[in-house]
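# Coordinates in review
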Amino acid sequence: MASRIPLPSGPASGEPRPNQKVGPTMTSAVKHLILVGACYMDTILTVPFFPEEDSKLRATGLQVRRGGNCPNTLEVFQQLLSSPPYLEGGRSESPVRPVPYLVSPLPDREALATKKILDSFGKQSDDSKGGGSHDARKSRSVINFDHCLYRDGHQEPASSYIIRNAATQSRTIVNYNDLAEMTTDEFVGIANTFAEQPDGSGQESWWHFEGRIPTTTLQCIRYLRQVLPRSRISVEVEKPNREGLDRLAAEADVVFYSRTWAENRGYAGPEACLTGQATSPGPSLMLCTWGEHGASGLFRSGEGEWEYMQYRAKLSEGSISVVDTIGAGDTFIAGMLFGLVCHAHDWSQQERLAFATELATRKVQIDGFVGLLAG
C-alpha cells in the first residue's frame, strides 16, 4: 500500500490553473457540512461461502461496528480534517475546515446504544478550543451531534446483519429498524437553526442526503432552497427499488449514483448512466462508482457544456488485495465532499475524482476505517 494518497500539486496561490474546471463552488467558504441519513450498528459475519437455506455454517470472523452511509462518510471525513497533509495539501494558503454534523434518528439520549454510537466517532469535545498534541486532536471527534433525533424510550439502535462471503466478497444484508424516521417538520426545525444564525453563516452550508425516504427528502431539499438559497445540496442515488430518487437528483447540485442503481436501470457502464441522467437545469456534477473500474463524473464546464471524466486507481501496483468493501462507496463520497468543500478553489474536478477514487481503493484494502490514512 502506498504511504500516502497522491495529492494535487501546482501553484500555491490558490488560483485555478489554466483550463482548470473547479465548480460547483460557493462564493464563500463552507462553514457547515450537514449529513442526513440513518445510523446503524453493523454485525458482520465472515463466512467461507454463502450458506444454503436451513443449514448450519461456522463463521470465520465476527465484527460489530457502527455503520450507516452518512456516519461512515463522516468517520472518513473526520480523519481527513484531522490530517494536515490532506487538509493543507492544496494550492490554497487557507484551507477550509467546516464543522461536520450528523442528522440521524438515534435511540434514547441516555441509552447505552446511543453512547456506544457517539463514542465510536472518538471522544466528544469542543473542537473550537483546539490545543493539545496532534495525536490527541486526532482521537477527538469534531462531529456535532446536536441535531440528531433521539427517540425517547428506545434502547436499541437500527441494526444491520451482514453476511460477508470470503470467496466472492459478496455482502448479504438484513436490516432491522424500530426507530421512527425523520419527519419533514423535524427537519424544518433543524434547517431554521442554521437560517436564523445571527452572523448569516448558515447560508454557507452544504447538505448531503442519503436519499432515504425520497418523499420526505424532497420536501427537505425544497425547504432548504427557500430558507438557505446559497447552500449546496448533494444526494445519493443508491437503492434500485427506492421510488422517487430521480426527483431528488433533479433538485440537487451534486448526485452520487451507485453501480447497482445504474445496472438496474439498464446502463452498461458509468458513462452511459451519467449521460443518460444529464438533465437541464438539474445537477452541475454527477458521479458514478464502478468497482474495480474506478469512478466517473460528468460536470458542467464554465460554458455550460457537459464534460466527462474517468479515473481508475493507481494506488497499488498490479492487482489489489480486497479485504473489506463495506463502506467503500461512503469513503468515495467522503473524498469528493472533502475536495468540493475543503478544496473548492484549488482542486479541479478531475483532481477531486482522483483523490476520492484513491481513497476508496485504500479503504477496500483494510478492515473497517481505523487507520485509513496511516502509512
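Calculation notes
Residues numbered from 1 in each chain as written. Predicted model: local features only at pLDDT ≥ 70, side-chain atom pairs only at ≥ 80, totals over all residues. Heavy atoms only, no water. Core = buried A, V, L, I, M, F, W, Y, C linked by side-chain atoms within 4.5 Å. Buried < 20%, exposed > 50% of the residue type's maximum accessible area, 1.4 Å probe, protein only. Contact = heavy atoms within 4.5 Å. Helix = DSSP H or I, 4+ residues; strand = E, 2+ residues; numbered from the N terminus. Pairing = 2+ DSSP bridges.

Here the focus is the nonpolar core. In this structure, Leu287, Phe332 and Phe338 are the most contacted members of the largest nonpolar core, which totals 53 residues. Setting aside anything within four residues of it in sequence, one finds phenylalanine 332 in contact with Phe256, Leu287, Thr289, Ala295, Leu353, Ala356, Thr357 and Ala360. Grouped together as the second largest cluster of nonpolar side chains are 37 residues, Val36, Val188, Val237 and Leu298 included.

Moving on to the pairing of strand 14 (residues 285–289). Both faces of the sheet carry side chains from a regular strand, because those side chains alternate between them. Where burial is concerned, most of strand 14 is hidden: four out of the five residues are buried. Pairing of strand 13 (residues 254–257) with strand 14 involves four bridges; the strand directions are parallel. When the sheet's bridge partners are listed, phenylalanine 256 is paired in strand 14 with leucine 287. The pairing of strand 14 with strand 15 (residues 295–300) spans five bridges and is antiparallel. Of the residues in strand 15, the one forming a bridge with leucine 285 is phenylalanine 299. Counting the residues between successive antiparallel strands, the hairpin from strand 14 to strand 15 contains five residues, one of them, glycine 291, with a positive phi of roughly 60 degrees.

The next subject is the environment of glutamine 226. As for its placement among the helices and strands, glutamine 226 is situated in helix 6 (residues 214–227). For the pair glutamine 226 and alanine 195, spaced 31 residues apart in sequence, the C-alpha separation works out to 9.9 Å.

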